[in-house]
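# Remarks on the overall topology
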Amino acid sequence: MQKKSLWMVVIIMILIPSLSGCSLNTGMDEGPAASETPSPSDMPVQPIDTPSPTPEPTPACSIENEIEEILSSMSLEEKLGQLLVVGYQDDEQARRMIRDYGVGGMVLFSRSFDTFEQLYSINEQLKEYNRDNQLPLWIALDEEGGTVSRLPKGKTPIPGAAKVGSFNDTELTRSTGWVIGRELAAAGANLDFAPVVDIVDNPENKFMIKRSYGSTPELVSEHGTAFLQGLKETGVQGCAKHFPGHGGTIVDSHKNMPVISSTLEEWLQKDAIPFQAMIDAGVDMIMAGHLSFPNIDQSGLPASMSQVFLQDLLRNRMGFEGLIITDDIEMQGYPQGNERKEAVIASFLAGVDLFAIGQTPHVQMDVLEALKEGAASGRITEERINDSLRRIIRAKLKLDAIPQYSLEEAKQIFGSDEHKIKVSRLIED
């Protein structure tokens, strides 16, 4: 082989690895298999002065690179703060949790505001507190419609899911998600802890019956995904709840941990179906309830602490790649008092990404301290933390799609005639 040709081969062999990273989609043939690799003498040689251009990365490659860049720039304390989504009692607590601890999100309740203008102002202030954080802040509300609604007076009135489902019109249900999403976005929020996709076929389930779209997996799946579709059209992220299914019990997990006797086969044929539909529809987040299914997970642990439900079923069997958030850990269905810290570590190791925590400061600090202690002891590895952070960062990068409204623009959207017309059948009925 001539000396010049040998150098050409060396240059090509150097360039080949650089073209294969990050699964670039170049539109080129993959070439022969390893066993069919041609000899150097058979390989085409390109002139030195006209090298092949390096292909541009695909969008997926760019997003993954951005996620890794953000992750590598974060301290352990910053990563742990992102695992919390918290409520607050006053502005000072909100400021401290955002600025001092870098929490991932805030959840707002109607006790914090009376008017739309106040809600808008609060959200602007929360974003200002988060200004120095490279990741945006989730600002969440429970806005299901009906009995679970946090938006203030003047909103477009949306009835509960049971009434919406009774119309059996998925386009109408989609409109409810769109209207709620637009009004949340106008207020400055970006995450809705909705829809409920629990199947309620027991009329004695008084605390859930108005919040469910219906009593069959098909009805709940169709309307839950329709609501999510409307919500996603506004950029606001949704959260399907309450996994693995809160409909089959009359026990309220706010007061105690429900124990549900369903077998795995029964669960797969009923409660799992709407959650699978939500996963297939691209839901960003699923809320794990404080519910025990001892015939499925013999440990008797609530799903919010169960590796069987969170890893074996939700991740591995159902293919969910998004975020898993707990229901509020101040609820009595979750271990309290001296058991709380150990429960938090168990939940995280089982697969939880985010902890929803009510307004109590010492409970919020318990969670943060438990995670820090777990990391310091080696029980929680940084790679496990990074797994959750990658999911968090990926979801937060999508928040840029939500329009930013001035107060005057927002007031024109909130409770607008356009919204009322969209859901007029529900309002007039």
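Now for a description of the structure that goes with this document.

Criteria and cut-off values
- Residues numbered from 1 in each chain as written.
- Predicted model: local features only at pLDDT ≥ 70, side-chain atom pairs only at ≥ 80, totals over all residues.
- Heavy atoms only, no water.
- Pairing = 2+ DSSP bridges.
- Helix = DSSP H or I, 4+ residues; strand = E, 2+ residues; numbered from the N terminus.
- Contact = heavy atoms within 4.5 Å.
- Axes fitted to C-alpha atoms, helices over the stretch in contact; angles between N-to-C directions.
- Expected span 1.5 Å × (residues − 1).
- Buried < 20%, exposed > 50% of the residue type's maximum accessible area, 1.4 Å probe, protein only.
- Right-handed = clockwise from strand over helix to strand, strands pointing away.

### Observations regarding the sheet that holds strand β7 (residues 323-326)
Here we have 8 strands laid out as an open sheet, ordered β7-β6-β5-β4-β3-β2-β1-β8, and parallel in their pairing. Unpaired on one side and paired on the other, β7 and β8 (355-357) mark the two borders of the sheet. Of the strands in this sheet, β5 (237-243) and β6 (285-288) are in contact with helix α10 (residues 272-280), which crosses β5 at around 160°.

### As for helix α8 (residues 217-233)
Counted at 1.5 Å a residue, the expected span for α8 with its 17 residues is 24 Å, and the 24 Å between its end C-alpha atoms agrees. Every buried residue belonging to α8 is among Pro217, Val220, Ser221, His223, Gly224, Ala226, Phe227, Leu228, Gly230 and Leu231, and all of these are buried. Where α8 is buried, its residues meet α6 (161-166), α7 (170-187), β4 (191-192), β5, α9 (264-269) and α10. Taken from the residues just after α8, Gly235 is the one with a positive phi, measuring 90°.

### A short note on the pairing of β6
The side chains of a regular strand alternate between the sheet's two faces. Along β6, one buried face is formed by Met285 and Met287 and the opposite face, lined by Ile286 and Ala288, is buried too. By the bridge criterion, 3 bridges tie β5 to β6 in an arrangement that is parallel. Paired with Phe243 across the bridge in β6 is Ala288. Here β6 runs beside β7; their pairing, made up of 4 bridges, is parallel. The residue bridging Met285 from the neighbouring strand is Leu323, located in β7. In this fold, β6 hands off to helix α11 (residues 307-317), which returns the chain to β7; that crossover is right-handed.

### Focus: helix α2 (residues 59-72)
Over its 14 residues, α2 runs 20 Å from end to end, which matches the ideal 20 Å to within 8%, given 1.5 Å per residue. Regarding α2, the residues found buried are Cys61, Ile67, Ile70 and Leu71. Contacts from the buried residues of α2 go to α3 (76-81) and α14 (382-397).

### Things to note about the environment of Gln332
Along the polypeptide, Gln332 turns up in the loop between β7 and α12 (340-350). Take Gln332: its relative accessible area is 46%, and that puts it in the partly exposed class. Along the chain, Gln332 and Asn256 lie 76 residues apart, while their C-alpha atoms are 5.0 Å from each other. If we ignore the near neighbours within four places in the chain, the residues touching Gln332 are Ser253, His254, Lys255, Asn256 and Met257.

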